[in-house]
Structure formats: C-alpha cells, structure tokens
Amino acid sequence: MIAVKARPLQLLAGLAAGLIAGMVTSGAPQKALGHVLLPIGSLWLDALTMTVVPLVFGLLVTGVASASRSASAGSIAMRTLILFALMLTVASVMAAILADGLLRLWPVAQGMAQAAGAPPAPASPGEWYHAIIPANPIRAAAETAMVPLVVFALFFGFAVARISEALAEALLKLLSGLVETMLVIVGWVLAVAPIGIAALAFSAGARLGAGVLGAFAQYVAIVAACCLAATLVAYLWAAILGRVSPLRFARASLSAQAVALGTQSSLATLPVMVEAARTLDVPEARTAIVLPMAVSLFRTASVAANVAVTLYLAHLHAVPIGLGQLALIALVAVPVSLGAVGLPAQVSFFATIAPVCIAAGVPVTALPLLLAIEAIPDLFRTVGNVTNDIAIACAAGRTSTCKKEFE
C-alpha cells in the first residue's frame, strides 16, 4: 500500500489560519481574499473528490473478493464474516438513530445551516428504489451515483471470487493497481491539504465568526457519543454471544483500550488483544484466525462514526432526513467501510464518508474542515474498534472453554 501522509498538526494549522483570516477581515479586504481563496478551496476539494468513485469501486471489489475467499477457506472464517456483517449493521443503524436523535434535540446553529447553503432537492422514494440496481454501471459511476455503484461493486466482488483462480488474480491485480494509483493522486492532493483547508475555512470563518468553534465542538461531541455507544455494545455482544460477563470482559479489555488510546492504531494493539482473548479463554487456534481478520475488516466504531459524520453534515446543510434516508445511510456505510481497510486515516476518512454522503444527497463541502479536527474523534474510533475486536474474538471463537458462567 502506498504511504499517504498528512500530518494532523499541519491540517489543524491550515484550519486555524483560514478561520482566523476569515474572522478578522471585513469589507473590501475580506471580499478580495474570498475571490482568491474560494477557487483554490473549490479546486482542491474537486481534486480530492475525483478519486472517490475509482477508489471505492476498486477497494470494494478487492475487499469483497478477499473476504469471500476467506469464508470459503473454513467454517470459522465464514462464521466470523457473518458476525462482522451483523455487528456492523447493528452499529450502523444504532448510530443513525442516536446521531439523528441528538441532532434533533441539539440542533446545528442556525448560522451554520445558512452558511452551508441551500439543501439539494431530495429524490422521491420511487426514484431511490429505481436506482438501487444500476441499469448502466458506467453511467452510475459517471454520475457519482454511489448506491448503484456500491451494489454493482458488491456483485462484482462476489462474482470474482467464483471464477477461475488465474482470471481472478489478473482482475484483482488490475484493480489493486487502480487503487494504488488513486492513492498516489490522493497523496499529491493531501500534500497541499493545509492550503486547501485554509481556503475552505476562510469562507466559514467569514460567515460564522467565532460560532464555528461551537459547531466543531458539537461535531466532536456527536461523533464521540456514537463511538462510545458502539463501544458499549461490544460488552453486550461479549455477554450474549461469548457468554462472558461484562465485568470480566471489561477487565480483560482494559489494557488493549489503553494501548489503543496511546497509539490510535488497531494494528499496533493486536498483540495486547491476543493476550486479552487468552484471558477470556478463547482458544489460541481460533484467536489466530479471528483477530487478524477483525483488525483487517472489522471497524465497528468507525462505521458508527462515519454515519454520525454524515448525519451531522445532513443537519448542517438542512437536508431532510426520514426513515428511508436513515436506512440508506446505515446500510451504505457498512460495505464502504469494509472496502477501505488498510487506508491511512486521512484517506479513509474521506473515502468512507464521502460515498455515504453522496448516496444520501448530502454535500461534502464541509468534510475537509472536519478532517482537520479528526484526530480527536479518532481516539474514540480506535478504542471502540479494539473493544469490538476482542468481543468478536470471544463470540466467533466460542467453545466449551469459552462458555463460562457469569461471575
């Protein structure tokens, strides 16, 4: 995988510079700066957005094909993948309900909604259902129609896993090359991210003033709440599916959660998760299968956070959200998150949230500003992901030795 670097402090500095410039200027100087910075920010956002369709398609197909092959390799892998799908869907739906409820109780500031611009016209239910299956996948990609594109990519990925090994390898090699190429382009775009974010932030600072800080604090609180909810659900999964008492599970997971907070990396926490699984009496042979799969594919808190970000942007832009839109956001978030495995944090943030936003008709113009402060919610994402990894290790690896009575 190509290394893509964008230092959080640099992104934060760009955000601060743009906001301050927008807040302290006024009149003719502010107007003149706006004429210069608005095109820069728009071009930078377009450059980042242009990679979404090929990146999402390539990642989904290779991820689904790989997961399908793993499932055919053994019953433990199959059971683990089924649990992945179940737990990710539950977390996604839960986050959609929680985030939407919190944002209705704690609405986005009126100034923020006005600054975001007019919401796009929502599609009618008939149009949405008609667009689930793409009659023309190439047209769907050209029009950035994410729902039919994701559906086609899922079918394509499962089908690739069922053709001959030689043909499948050739196809996946081509798609892997496509993904790597897109990551090179993303790396170039992120290299100038502080400039692009500063240009976009100038407009927000000019329109909202100091109120933008409160909007950022609200965003962090909403996303963190959904991540914490996904973390708490892990204790329920461990109790229901793993037959482990919540207190025992909490004790075993504490060290892994501490390492996750310090490293912000599920992969770096893997050795500690293995030790936690051993403490919970999960057979080592099964831990060796389940935990690497979980670290690679299973990011429950990330899915919950991505749904929360999408709904925050929907409320920010005053996009109407009904039950149909909530279901769409929740269900699209799951396969997209599975596809973005192994991507750097800055890339996965945009690659996993932008498609969900586009599918729900939510503008992504404010997404780069949220990227600049993602380091804070990412703490909650990592802890939630690690806790759920340990829970699924006990659930998928459950045997007579793991079926202990509640303490």
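Cut-offs applied
- Residues numbered from 1 in each chain as written.
- Predicted model: local features only at pLDDT ≥ 70, side-chain atom pairs only at ≥ 80, totals over all residues.
- Heavy atoms only, no water.
- Helix = DSSP H or I, 4+ residues; strand = E, 2+ residues; numbered from the N terminus.
- Buried < 20%, exposed > 50% of the residue type's maximum accessible area, 1.4 Å probe, protein only.
- Contact = heavy atoms within 4.5 Å.
- Areas by Shrake-Rupley, 256 points an atom, 1.4 Å probe, with all protein chains shown as cover.
- Axes fitted to C-alpha atoms, helices over the stretch in contact; angles between N-to-C directions.
- Parallel < 35°, antiparallel > 145°, perpendicular 65-115°, else oblique.
- Nonpolar A, V, L, I, M, F, W, Y, C, P; charged D, E, K, R; others polar.
- Patch = residues over 30% accessible without salt bridge, like charges linked within 9 Å, V, L, I, M, F, W, Y side chains within 5 Å.
- Salt bridge = Lys/Arg side-chain N within 4 Å of Asp/Glu carboxyl O.
- Phe/Tyr/Trp six-rings, centres within 6.5 Å; stacked < 30°, edge-to-face > 60°.
- Core = buried A, V, L, I, M, F, W, Y, C linked by side-chain atoms within 4.5 Å.
- Left-handed = near helix turned anticlockwise from the far one by under 90°.
- Disulfide = S-S within 2.5 Å.
- Expected span 1.5 Å × (residues − 1).
- pLDDT = per-residue confidence, 0-100.

Undergrad: Explain the overall build of the protein here, please?
TA: A count of helices and strands for the protein gives 19 helices and 0 strands. For the protein, with 407 residues in total, the buried portion stands at 51%. In the protein, the share of contacts with a sequence separation of at least 24, taken over all contacts with a separation of at least 6, comes to 85%. Of the roughly 17,500 Å² that the protein leaves accessible, carbon and sulfur atoms contribute 70%.

Undergrad: Just to check I follow, could you spell out the packing of helix H12 (residues 246-263) against helix H13 (residues 270-279) for this structure?
TA: The relative placement of two packed helices comes down to the angle between their axes together with the axis-to-axis distance. Following both chains from N to C, one finds H12 and H13 inclined at 170°, their axes separated by 9 Å at the closest point. Relative to H13, the element H12 lies roughly antiparallel. Packed against H12, whose contacting residues are Arg 248, Ala 252, Ser 255, Ala 256 and Val 259, the element H13 presents Val 272, Met 273, Ala 276 and Thr 279 at the interface. Looking at the contact of H12 with H13 residue by residue, the classes come out as 6 nonpolar, 2 polar and 1 charged.

Undergrad: Got a minute to help me understand a nonpolar patch on the surface in this structure?
TA: On the surface, a cluster of nonpolar side chains totalling about 330 Å² of accessible area is made up of Val 36, Ile 40, Val 192 and Ile 195. For Ile 40, the location among the structural elements is in helix H2 (residues 27-49).

Undergrad: What is the right way to read the pattern of salt bridges from this model?
TA: Between side chains of opposite charge, a pair can form as their charged atoms come close. Applying the stated criterion across every chain yields a total of 6 salt bridges. When the shortest N-O distance is used, the salt bridge between Arg 278 and Glu 275 registers 2.4 Å. In this pair, Arg 278 and Glu 275 both sit in helix H13, 3 residues apart, roughly one turn of the helix. In this structure, Glu 284 engages Arg 278 in a salt bridge whose closest nitrogen and oxygen atoms are separated by 3.0 Å.

Undergrad: It is not clear to me how the packing of aromatic side chains should be interpreted in this structure. Could you clarify?
TA: The description of two aromatic rings rests on the distance between their centres and on the angle between their planes. Here the structure, examined in full by the defined rule, presents 6 aromatic pairs. Ring plane angle 85° and centroid distance 5.2 Å describe the contact between Tyr 235 and Phe 249, whose orientation is recorded as edge-to-face. You can see Tyr 235 sitting in helix H11 (residues 211-240) and its partner Phe 249 sitting in helix H12, a full 14 residues away along the chain. The burial state of Tyr 235 is the same as that of Phe 249; both residues are buried. Through pairs of rings, three or more aromatic residues link up here, namely Phe 57, Phe 152 and Phe 156.

Undergrad: Whenever I open this one, the nonpolar core confuses me. Can you help?
TA: Taken as a class, soluble globular proteins show a tendency for nonpolar side chains to be buried jointly. Within the largest apolar cluster, 131 residues are counted, with the highest numbers of intra-cluster contacts made by Leu 15, Tyr 219, Leu 311, Leu 313 and Leu 367. The biggest single contributor to this core is H11, with 15 residues. Apart from the residues lying within four places of it in its own chain, the contact partners of Tyr 219 are Val 309, Tyr 312, Phe 349, Leu 370, Ile 373, Glu 374 and Pro 377.

Undergrad: How do you make sense of the packing of H11 against H12 when you look at a structure like this?
TA: Interhelical geometry of H11 versus H12 gives an angle of 130° and a closest axis separation of 10 Å. Taken together, the axes of H11 and H12 lie oblique to each other. As for the relative orientation of H11 and H12, their crossing is right-handed in sense. Contacts from Ala 234, Tyr 235, Ala 238 and Ala 239 in H11 reach Pro 246, Phe 249, Ala 250 and Gln 257 in H12. Class assignment for the residues of the contact of H11 with H12 results in 7 nonpolar, 1 polar and no charged.

Undergrad: Looking at this structure, how should I read the state of the cysteines?
TA: Put plainly, two cysteines are in a disulfide when a covalent bond ties their sulfur atoms together. Taken as a whole, this structure holds 0 disulfides when the rule is applied. In this model Cys 226 remains outside any disulfide bridge; the closest cysteine sulfur is found in Cys 227, 7.2 Å from its own.

Undergrad: I would appreciate a short explanation of the side chain of His 315 in the present structure.
TA: Take His 315: it is sitting in helix H15 (residues 300-316). Dropping the residues within four chain positions of it, His 315 is found in contact with Asp 100, Leu 103, Arg 104 and Val 108.

Undergrad: Would you take a moment to explain helix H10 (residues 193-208) for this structure?
TA: Residues spaced three or four apart along an α-helix point in a common direction, a consequence of the helix completing one turn every 3.6 residues. With 16 residues, H10 extends 22 Å from end C-alpha to end C-alpha; this agrees with the ideal 22 Å at 1.5 Å per step. Buried residues of H10: Ala 193, Gly 196, Ile 197, Ala 198, Ala 199, Leu 200, Ala 201, Phe 202, Ala 204, Gly 205 and Leu 208, and no others.

Undergrad: Looking at this structure, how should I read helix H9 (residues 165-191)?
TA: With 27 residues, H9 extends 38 Å from end C-alpha to end C-alpha; this agrees with the ideal 39 Å at 1.5 Å per step. Turning to H9, its buried residues number three or more, namely Ala 168, Leu 172, Leu 175, Val 179, Met 182, Leu 183, Ile 185, Val 186, Gly 187, Val 189 and Leu 190.

Undergrad: Would you mind showing me how to read the confidence of the model for the protein here?
TA: Any segment with low pLDDT has predicted coordinates that should not be analysed in fine detail. For the protein, the mean per-residue pLDDT works out to 83, and 86% of the residues sit at or above 70. Between residues 113-126, whose pLDDT stays under 50, and residues either more than four places distant or in other chains, the model counts 13 contacts. Every residue in residues 399-407 is under pLDDT 50, and counting partners more than four places away or in other chains gives 24 contacts.

Undergrad: What is the right way to read the environment of Arg 139 from this model?
TA: Along the chain, the position of Arg 139 falls in helix H7 (residues 137-142). Under the relative-accessibility criterion, Arg 139 is labelled exposed at 54%.

Undergrad: Looking at this structure, how should I read the environment of Leu 379?
TA: Tracing the backbone through its elements, the reader meets Leu 379 in helix H19 (residues 375-396). Separated by 118 residues in sequence, Leu 379 and Leu 261 place their C-alpha atoms 5.8 Å apart. Beyond its immediate stretch of four places on either side in the chain, Leu 379 contacts Leu 261 and Gln 264.

Undergrad: What should I look at first to understand unusual backbone geometry in this one?
TA: For residues other than glycine, phi is negative in most cases, and the peptide bonds are mostly trans. Phi is positive for Arg 243, which is not a glycine, with a value near 55°. Phi is positive for Asp 281, close to 65°, though the residue is something other than glycine. Structurally, Asp 281 can be placed in the loop between H13 and helix H14 (284-297).

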